[in-house]
Amino acid sequence: MVIWDGISIGRIHRQQGMPRESAAVAWNVNFPVQPQQPWQRGHCVDVAECQRMVKLVWGAIRPTLTEEDIREGREWQERGKNRPWNRPKHWQD
């Protein structure tokens, strides 16, 4: 997860089943309550390259956010804590 000021803004993760020499690491940046654009996601050969891309893209997005956008993003994230995929998993034997 990529976190900015307590708000989840993206992910970097390995693509399963991809050859090591291919672009096997995926990244995306998306501020809550805003649509994700195609230029806000992609694939790279390694995590370091993905981190550079995330910083570059976030650097383009952040200046466009208003205080109201940030407030809405925080509210969205708070509401999302109770979604089933965000709840802690309790495994039974």
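All of the points below concern the structure found in this document. Position labels on residues start from 1 in each chain and follow its written sequence. The predicted nature of this model means local features are confined to residues of pLDDT at least 70 and side-chain atom pairs, given and counted, to a pLDDT of 80 or more, with totals for whole chains, interfaces and linings taken over all residues. Side-chain metrics in this entry use all non-hydrogen atoms of the structure; hydrogen atoms and water are not considered.

1. A few points about the pattern of salt bridges
What makes a salt bridge here is a side-chain nitrogen of Lys or Arg within 4 Å of a carboxyl oxygen of Asp or Glu, nothing more. Tallying each qualifying case throughout the model produces three salt bridges. Residues Asp-5 and Arg-74 are paired through a salt bridge, measuring 2.5 Å at the closest nitrogen-oxygen approach. Of the two residues, Asp-5 sits in the loop between strand E1 (2-4) and strand E2 (7-14) while Arg-74 sits in helix H2 (residues 67-80), which places them 69 residues apart along the sequence. Whether a residue is buried, partly exposed or exposed follows from its accessible area with a 1.4 Å probe, protein chains only, as a fraction of its type maximum: under 20%, in between, or over 50%, in that order. Classification of Asp-5 by relative accessible area gives partly exposed; the value is 48%. For Arg-71, the salt bridge identified is with Glu-68, shortest N-O distance 2.3 Å. Residue Arg-71 and its partner Glu-68 are both found in helix H2; the two are separated by three residues, about one turn of the helix. Strands here mean DSSP runs of E at least two residues long; helices mean DSSP runs of H or I at least four residues long; both are numbered from the N terminus.

2. A short note on H2
The span expected for a helix works out to 1.5 Å for each residue beyond the first. Helix length check: H2, at 14 residues, gives a terminal C-alpha distance of 20 Å against a target of 20 Å (1.5 Å per residue), a fit within 8%. Those residues of H2 not exposed but buried are Asp-69, Ile-70, Gly-73 and Gly-80. End-on view of H2: buried residues confined to an arc of 95 degrees, all on one side of the axis. Buried-residue contacts for H2 involve E1 and E2. The arc in question is the one traced by the directions running from the helix axis out to the C-beta atoms. Working rule for contacts: check all heavy atoms of both residues, and any pair within 4.5 Å makes them a contact.

3. A closer look at the packing of aromatic side chains
Paired rings are identified among Phe, Tyr and Trp, the last through its six-membered ring, by centres lying within 6.5 Å, and are further divided according to the angle between planes into stacked (under 30 degrees), edge-to-face (over 60) and tilted (the rest). Per the counting criterion, the structure on display carries two aromatic pairs. Among the aromatic side chains, those forming a connected cluster through ring pairs are Trp-4, Phe-31 and Trp-58.

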